[in-house]
Amino acid sequence: MDYRWHLRQVMATREMFQTTDLLAPLAERDITLSSSQVYRLVTERPERLSLRILMALLDILDCSMDDLIVPVADANTATTPKKKVVGGGSAERIGELRPKRARIAPTDR
């Protein structure tokens, strides 16, 4: 599973068009983030997010988690066929797991 992060869109529906619009409401909830941290939180998809910050965002924006985070199926895990392994288990296709051979380009001396 993967997800889409919709903080910027939710902020826009609340007429919050600048990332710094979140600084004061977060500070009111005892969450101190730098303007660059808030910028990254709004413009990029966070890989890690504390529950405290998430709950503050939900409170500030008066929205639900479904509004901010939308799960989507990951294209890499959607329908990858599995190869049978001797012994009854299953494994990914081994050819995809092997490293590619490095090519050394000739150097001009």
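That block above? That's the structure.
Residues take numbers from 1 onward in each chain, read along the sequence in its written order. For a predicted model such as this one, the threshold for reporting local features is a pLDDT of at least 70, and the threshold for listing and counting side-chain atom pairs is 80 or more; totals across whole chains, interfaces and linings nevertheless cover every residue. To obtain the side-chain values, all non-hydrogen atoms of the structure were used and water was disregarded.

Another point: the overall build of the protein. Broken down by element type, the protein carries 5 helices and 4 strands. Secondary structure elements follow DSSP: runs of H or I no shorter than four residues count as helices, runs of E no shorter than two count as strands, and numbering proceeds from the N terminus. For the protein, the succession of helices and strands along the chain, N to C, is β-α-α-α-α-α-β-β-β. Burial statistics for the protein: of 109 residues in total, 22% are counted as buried. Partitioning the contacts of the protein with sequence separation of at least 6, the portion at a separation of at least 24 is 58%. All accessible areas in this document rest on Shrake-Rupley with a 1.4 Å probe, and a residue is counted as covered only by the protein chains that are shown. Carbon and sulfur atoms make up 52% of the accessible area of the protein, which amounts to about 8,900 Å² in all. Only protein chains enter the accessibility calculation, which uses a 1.4 Å probe; a residue is then buried when its area is under 20% of its type maximum, exposed when over 50%, and partly exposed in between. Any two residues having at least one pair of non-hydrogen atoms within 4.5 Å are treated as being in contact.

Before going further, it helps to spend a moment on unusual backbone geometry. We note that glutamate 15 has phi near 60°; this positive angle belongs to a residue other than glycine. Assessed through its relative accessible area of 66%, glutamate 15 is described here as exposed. Its identity is not glycine, yet aspartate 30 carries a phi of approximately 60°, on the positive side.

Those residues of helix H4 (residues 51-61) that fall on the buried side of the exposure criterion are Ile53, Leu54, Ala56, Leu57, Leu58, Ile60 and Leu61. The secondary structure elements touched by the buried residues of H4 are strand S1 (2-5), helix H1 (7-13), helix H2 (23-28), helix H3 (35-43), helix H5 (65-68) and strand S2 (69-72). Downstream of H4 by a residue or two, aspartate 62 has a phi angle that is positive, lying close to 50°.

So, about the packing of aromatic side chains. Geometry of an aromatic ring pair is reported as the spacing of the ring centres plus the angle between the planes. Here a pair means two rings of Phe, Tyr or Trp (six-membered ring of Trp) with centres within 6.5 Å. Their orientation is stacked below 30 degrees between planes, edge-to-face above 60, and tilted elsewhere. In the structure shown here, the tally under the stated rule is 0 aromatic pairs. Should the NZ of a Lys or the CZ of an Arg lie within 6 Å of a ring centre and within 35 degrees of the ring normal, that charge is described as sitting over the ring. The aromatic ring of tyrosine 3 is capped on one face by arginine 45, whose charged end is 4.5 Å from the ring centroid.

Next up on the list: the pattern of salt bridges. Just to be clear on terms, a salt bridge is a Lys or Arg side-chain nitrogen sitting within 4 Å of an Asp or Glu carboxyl oxygen. This structure, assessed with the given rule, holds 4 salt bridges. Note that aspartate 2 and arginine 45 form a salt bridge whose closest N and O atoms lie 2.7 Å from each other. In this pair, aspartate 2 is assigned in strand S1 and arginine 45 in the loop between H3 and H4, connecting sequence segments 43 residues apart. Of the residues examined, arginine 45 reaches a relative accessible area of 34% and is grouped as partly exposed.

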